[in-house]
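Per-entry structural report
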Amino acid sequence: MTASGYDQAARLAATQRVVALVNDKGGVGKTTLAANLAGQVAAAGYRVLLIDLNRQGNLADDLGYRDRAGVDDQGAGLLGALLMGTPLTPVLGVRPNLAVVPGGVRLTDLTPLMVARVQAGGRAAFLALADALVPLTGQYDLIVVDSPPENVMLVDLALAAARWVLMPTRSDSGGLVGMRLVAERFNLAREINPSLGLLGVVLFGTLASARAIHAEVRADVAAAFGGGFDPMLKATIRYSERYAREGRKLGRLAHELEVDAANQPAWWQALRNGDAPGRRLPATVASVSADFRQVAAEVLDALATQEQPA
Ligand SMILES: Nc1ncnc2c1ncn2[C@@H]1O[C@H](COP(=O)(O)OP(=O)(O)OP(=O)(O)O)[C@@H](O)[C@H]1O
Ligand SMILES: [Mg+2]
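Residues numbered from 1 in each chain as written. Chains lettered and ligands numbered in written order. Predicted model: local features only at pLDDT ≥ 70, side-chain atom pairs only at ≥ 80, totals over all residues. Heavy atoms only, no water.

Details of the packing of aromatic side chains
Put simply, the rule is: Here the aromatic set is Phe, Tyr and Trp, taking the six-membered ring for Trp, and pairing holds for ring centres within 6.5 Å; pairs whose planes are under 30 degrees apart are stacked, those over 60 apart are edge-to-face, and all others are tilted. Under the scheme used here, helices are H or I runs from DSSP no shorter than 4 residues and strands are E runs no shorter than 2 residues, and both carry numbers assigned from the N terminus. Three exposure classes are used, based on accessible area relative to the maximum for each residue type with a 1.4 Å probe and protein chains only: buried under 20%, partly exposed in between, and exposed over 50%. Remark: a charge is flagged as sitting over a ring if the NZ atom of Lys or the CZ atom of Arg is within 6 Å of the ring centre and within 35 degrees of the ring normal.
On inspection of all chains with the given rule, the structure shows two aromatic pairs. Taking 6.3 Å as the distance between ring centres and 70 degrees as the angle between the ring planes, the aromatic pair formed by Phe 225 and Phe 229 counts as edge-to-face. Between Tyr 243 and Phe 292, the ring centres sit 6.1 Å apart and the planes meet at 65 degrees, which makes this aromatic pair edge-to-face. Here Phe 292 lies in helix H13 (residues 284–307) and Tyr 243 lies in helix H10 (residues 241–250), a separation of 49 residues in the sequence. Residue classification places Tyr 243 among the buried positions, given a relative accessible area of 8%. A relative accessible area of 1% places Phe 292 in the buried class. Cation over ring: Arg 163 sits above Trp 164, and NZ or CZ is 4.2 Å from the ring centre.

In structure tokens form, the structure reads like this:
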């Protein structure tokens, strides 16, 4: 039992729909996938909570709320909930059905303070996020946690509060090394969070047509997990420099840019109306949006399958 006094059953109920995006390697698509998974599922009408454990708070850019008054507390609320046990109060109004717990620079102190807590009280200190979710039990259909790279303490915090891990990787070996590091943390996390499971691995930022590479990565990923099963999702996220640039600059998710692209007047129409044609959104944003949609569908399927009575 932790300082909160919650038992394992209470934490299990609170975290059964928590999906943590984890890979120790930076730049493999954790934040992009977290934002688009949460965003599309919320747009479909599910109640979604997105939690940002990053000091850089990149989700604020993906969703366009950086420095917005009343929303971007730079991680202050999350820090208070994790260290002082103050109630976690997700921010509304970022998107319909999507509540957010922002990250940011206020989380800088979190790592050294977690180190101190674990030294004093053991690994149960990592249950702080799970405990913070207990009062919110039943309020969300999906809770997505975005975690930082190269930070064992915060990854352990995320893993102790998750029912599922979703691990993005790029096709190079760095993402696979990061994945193996998480596999080690995974086993430790299960000592305090026995319900933790691997939902799957997502190949991120790849050429949609590179089938041979996809097959190679699939084999590497399966081998990294012992060779007994294939954890790769069917969906992959295709490489799109245009989405990478426009998405964060505009604070728009892929499915939102897809709508924007469909609604923009034809180039010739703009010219005929005397409007500056400006920069146009290419059709590829719709393809990237479809890739995130497939990931979201596989995640929802996995959750539903898992929750069917045996
Ligand atoms: N479809 C895409 N194709 C290529 N690059 C992309 C795509 N979508 C996003 N990116 C870019 O890839 C980079 C890494 O993405 P992201 O920030 O999601 O990774 P991360 O794992 O969260 O990184 P970190 O570990 O630093 O937090 C970003 O610059 C992002 O803009
Ligand atoms: Mg990130």
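Back to the text.
Considering the site of ligand 1
For clarity, the cut-off: We call a residue near a molecule or strand when any one of its heavy atoms sits within 4 Å of it. Any pair of N or O atoms that falls within 3.5 Å is considered a polar contact. Within protein, one atom must be able to donate a hydrogen and the other to accept it, and sequence-neighbouring residues count only if both atoms are side-chain atoms. Reported accessibility uses the Shrake-Rupley method at a 1.4 Å probe radius. Residues are deemed covered only where the shown protein chains occlude them. Amino acids outside the nonpolar list (Ala, Val, Leu, Ile, Met, Phe, Trp, Tyr, Cys, Pro) and the charged list (Asp, Glu, Lys, Arg) are all regarded as polar, and Gly is one of them.
Among the 16 residues in the neighbourhood of ligand 1, the closest are listed as Lys 30, Thr 31, Thr 32, Arg 238 and Ser 240. Between an oxygen atom of ligand 1 and a main-chain N or O atom of Val 28, the distance comes to 3.0 Å. In this structure, Thr 32 approaches ligand 1 through a side-chain N or O atom, which is 2.5 Å from an oxygen atom. Relative to its unbound accessible surface of 640 Å², ligand 1 loses 84% to contact with the protein. If you list the elements that add at least two residues to the shell around ligand 1, you get helix H2 (30–43) and H10. Looking at the shell around ligand 1 residue by residue, the classes come out as six nonpolar, six polar and four charged.

Comments concerning the pattern of salt bridges
Convention followed: For salt bridges, the criterion is a side-chain nitrogen of Lys or Arg within 4 Å of an Asp or Glu carboxyl oxygen.
Across all of its chains, the model carries 13 salt bridges by this definition. The salt bridge partner of Arg 17 is Glu 307, with a shortest N-O separation of 3.0 Å. In this pair, Arg 17 is assigned in the loop between helix H1 (8–15) and strand S1 (18–21) and Glu 307 in helix H13, connecting sequence segments 290 residues apart. On the basis of relative accessible area, Glu 307 is assigned to the partly exposed category, the value being 36%. For Asp 141, the salt bridge is made with Arg 47, and the minimal N-O distance between the two is 3.0 Å. Remark: Arg 47 occurs in the loop between H2 and strand S2 (48–52) and Asp 141 occurs in the loop between helix H6 (128–133) and strand S5 (142–146); sequence separation between them is 94 residues. With a relative accessible area of 38%, Arg 47 lands in the partly exposed category. The structure contains a network of salt bridges with shared partners spanning Arg 123, Asp 156 and Arg 185.

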